[in-house]
Amino acid sequence: MPNYHIWTIGCQMNHAESERLGSLFEHLGYQATDTVEYADVVVLNSCVVRQSAENRVVNKIKVLRDFAREHPDITLAVTGCLVNSDATKLKRSFPHVDYFFKAGDYPPWLEKPSAVSSLPQSPSPATYVPIIQGCNNFCAYCIVPHRRGREISRTLPEIVCEVRELVKRGSKEITLLGQNVDSYGHDLPDEADLADLLKELNTIDGLARIRFLTNHPKDMSDKLIATIATLDKVCEQVSLPVQSGSDNILKMMKRGYNTAQYRQLVKKIRDTIPEVALSTDIIVGFPSETDSQFQETVQLLSELRFDTVHVAVYSPRPGTTASRELEDDIPPAVKKERLNTIEQLQGKIAAKINEHLLGETVEILVESRVKGKWQGRTRTGKLVFFSDNREYTGKLVKIHIEKTSPWSLQGTVNTAK
Ligand code: SAM
Ligand code: SF4
């Protein structure tokens, strides 16, 4: 039996695609191996959203060059955001790589015999389902639309059919994925939108929870907010990347909203879904960001108090308008300091938010057991650990919270009825 090895970095979308690629290999008679040494086929699923990620990918490809020399029979393939529409340049730089293919655009030897053949046989209780590829927004700093192309939504019946199959195979929770998931359906002829899709999925027996990410604030409609509030399976968790607390920077980023509109949106979401946990993304050190503009971001985060903040330092990406038109003029030390400031601030905010759960009982879906501890998430996406000798995979369990930190909670099974 031939062996395959998939190496993945980047966002949930990449991880979901790698999982599907793995299922496809298995369907074709391959077996997974953890080590490149035993593999007949190696696929690198790449991320280039920041320079540091691209460096890791390029290093990995270079390491494999020596390996391919010693093992001429091995097949090397690269997919993900390193690959653009024209792979000629990549082929020239890395002639030892046999195939470059865009996400989901499999080479002929990997063509899927049927739609469900790329679904895992025994999916994790919490499974990712990509529903829209690409992005139409062209934020000034972002390489994603240049690499992943324009938005293409999968049809509603296709997604519903796939989720039914996943639930039949053991999934209890699904997370719908897209770079811009709340613009789902805009390109479909019948214009079904994310709210319509959530309504359909909510009727599937055996499915306990539905999540979705990542949202663009400008596409978060009133209809979608109301739908999240009314559907019992849709979790109280919304990702809403703001990127900066300064209107001038938001304008330069070409985000399409200002901070007043964003604050208004957060208020509307919190008024409609009182239990909601909100997460956001921030970029620090965007070209020309002054100390006072950075302080506006600090102010916005202190005021809105998100459950989770993903913070990154600005990294110029060749091909984007920001890298063409704006000088990357914030010194690395300042960028780092701003990143630390936000991480420390968010650590304190998240610690306080999570402290409120001390002594409470929360329901979690148990996903796996790692180093002897069961782990799962609340509907609001909080990571919870507990120890117990019984089997819990895929079960909804009530946990009495006994310890909290900014990043996770710990507790014991609550046996009270
Ligand atoms: N579509 C989502 C949105 O509207 O923000 C996020 C998807 S993006 C691929 C994931 C995150 O990567 C962004 O939220 C942003 O914070 C970060 N990112 C993208 N380009 C970046 C860059 N050039 N430098 C630093 N961070 C970047
Ligand atoms: Fe990138 Fe997100 Fe902006 Fe699209 S909306 S360009 S994925 S940051």
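Just so it is clear, the structure is predicted and the values come from calculations on it, not from any experiment. (Residues numbered from 1 in each chain as written. Chains lettered and ligands numbered in written order. Predicted model: local features only at pLDDT ≥ 70, side-chain atom pairs only at ≥ 80, totals over all residues. Heavy atoms only, no water.)

A. Spotlight on the packing of helix H5 (residues 156–168) against helix H6 (residues 194–201). Where H5 contacts H6, the two axes come as close as 10 Å, and the packing angle between them is 35°. The two elements H5 and H6 meet at a crossing, and its hand is right-handed. On H6, the residues touching Leu156, Ile159, Val160 and Val163 of H5 are Asp196, Leu197, Glu200 and Leu201. When the residues that make up the contact of H5 with H6 are grouped by side-chain class, the tally is six nonpolar, no polar and two charged. (Axes fitted to C-alpha atoms, helices over the stretch in contact; angles between N-to-C directions. Helix = DSSP H or I, 4+ residues; strand = E, 2+ residues; numbered from the N terminus. Left-handed = near helix turned anticlockwise from the far one by under 90°. Contact = heavy atoms within 4.5 Å. Nonpolar A, V, L, I, M, F, W, Y, C, P; charged D, E, K, R; others polar.)

B. Examining the site of ligand 1 more closely. Around ligand 1, the structure places 17 residues, and the nearest of them are Gln179, Gln243, Arg255, Asp281 and Ser315. Contact between ligand 1 and Arg50: a nitrogen atom at 3.4 Å from a side-chain N or O atom of the residue. Between an oxygen atom of ligand 1 and a side-chain N or O atom of Arg255, the distance comes to 3.0 Å. For ligand 1, whose accessible area on its own is 550 Å², the fraction buried by protein is 89%. Those elements giving two or more residues to the shell around ligand 1 turn out to be strand S11 (277–284) and strand S12 (308–313). (Near = heavy atom within 4 Å. Polar contact = N/O pair within 3.5 Å; in protein donor to acceptor, adjacent residues only side chain to side chain. Areas by Shrake-Rupley, 256 points an atom, 1.4 Å probe, with all protein chains shown as cover.)

C. Representation of helix H12 (residues 332–355) in the model. Taking 1.5 Å of rise per residue, the 24 residues of H12 would be expected to cover 34 Å, and the 34 Å separating its terminal C-alpha atoms lies within 8% of that figure. When H12 is considered as a whole, its buried residues turn out to be Lys335, Arg338, Leu339, Ile342, Leu345, Gln346, Gly347, Ile349, Ala350 and Asn354. The secondary structure elements touched by the buried residues of H12 are S11, helix H10 (291–304), S12, strand S16 (396–404) and strand S17 (409–413). (Expected span 1.5 Å × (residues − 1). Buried < 20%, exposed > 50% of the residue type's maximum accessible area, 1.4 Å probe, protein only.)

D. Focus on the sheet that holds S11. Pairing is parallel across the open sheet formed by three strands, whose spatial order is S10-S11-S12. Every other strand in the sheet has two partners, leaving strand S10 (237–239) and S12 as the edge strands with one partner each. This sheet shows a mean twist of 15° between the axes of neighbouring strands, independent of strand direction. Across three bridges, the pairing between S10 and S11 is parallel. Paired with Gln237 across the two strands is Ala277, which belongs to S11. Together, S11 and S12 form the strand contacts of H12, whose direction differs from that of S12 by roughly 175°. (Pairing = 2+ DSSP bridges.)

E. Layout of the nonpolar core. In terms of nonpolar packing, the biggest core is built from 69 residues, with Ile131, Leu176, Leu194, Leu197 and Ile269 touching the most fellow members. Those residues in contact with Leu194 that lie beyond four places of it in its chain are Ile131, Leu176, Val181, Asp182, Tyr184, Phe212 and Leu224. (Core = buried A, V, L, I, M, F, W, Y, C linked by side-chain atoms within 4.5 Å.)

F. View of the side chain of Ser171. On the secondary structure map, Ser171 appears in the loop between H5 and strand S8 (173–178). Exposure remark for Ser171: the relative accessible area of 1% places this residue in the buried category. Engagement of the side chain of Ser171 in a polar contact is seen with the side chain of Thr127, the distance being 2.7 Å. Those residues within four positions of Ser171 in sequence are excluded, and the remaining contacts are Pro123, Ser124, Pro125, Thr127, Leu166 and Gly206.

G. Summary view of the site of ligand 2. Neighbouring ligand 2 are the residues Cys135, Asn137, Phe138, Cys139, Tyr141, Cys142, Val144, Pro145, Gln179, His216 and Arg255. When the residues that make up the shell around ligand 2 are grouped by side-chain class, the tally is seven nonpolar, three polar and one charged.

H. Spotlight on helix H7 (residues 222–230). Every buried residue of H7 is listed here: Leu224, Ile225, Thr227 and Ile228. Along the axis of H7, the buried residues cluster in a sector spanning 160°; they form a single face. Buried residues along H7 sit in contact with H6, strand S9 (209–213), S10 and helix H9 (259–272). (Arc of directions from axis to C-beta.)

I. Here's a closer look at the packing of aromatic side chains. Per the counting criterion, the structure on display carries eleven aromatic pairs. Aromatic side chains Phe25 and Tyr30 sit 5.0 Å apart centroid to centroid with 70° between the ring planes, which places their arrangement in the edge-to-face category. For the pair shown, Phe25 and Tyr30 are each scored as buried. A centroid spacing of 5.2 Å and a plane angle of 70° characterise the contact between Phe286 and Tyr314, whose relative ring orientation is edge-to-face. Taken together, the residues span a long stretch of sequence, with Phe286 in the loop between S11 and H10 and Tyr314 in the loop between S12 and helix H11 (321–325) at a distance of 28 residues. (Phe/Tyr/Trp six-rings, centres within 6.5 Å; stacked < 30°, edge-to-face > 60°.)

J. Region of the structure containing the sheet that holds strand S13 (residues 361–370). Reading around the barrel, the five strands line up as S13-S14-S15-S17-S16 and close back on themselves, with mixed pairing between neighbours. Pairwise comparison of adjacent strand axes, ignoring direction, gives a mean angle of 55° for this sheet. Strand direction decides the pairing type here: S13 and strand S14 (residues 373–377), joined by five bridges, are antiparallel. In the sheet register, Leu365 faces S14, and the bridge partner there is Arg377.

K. Structural view of the environment of Leu24. Along the chain, Leu24 falls in helix H1 (residues 12–27). The class of Leu24 is buried, set by a relative accessible area of 0%. Counting along the chain gives 86 residues from Leu24 to Leu110, while the straight-line C-alpha distance between them is 7.5 Å.

L. Spotlight on the pairing of strand S4 (residues 75–80). Where burial is concerned, most of S4 is hidden: five out of the six residues are buried. Two strands pair when backbone bridges link them, and strand S3 (residues 41–46) and S4 are joined in this way by six bridges, in the parallel orientation. Bridge pairing links Ser46 to Gly80 in S4. For the segment spanning S3, helix H2 (residues 51–70) and S4, crossover handedness is right-handed. Across two bridges, S4 lies against strand S5 (residues 99–100) in parallel orientation. In the strand pairing of S5, Val78 is matched with Phe100. (Right-handed = clockwise from strand over helix to strand, strands pointing away.)

Note that every value here comes from positions in space, so none of it alone points to a role or purpose.
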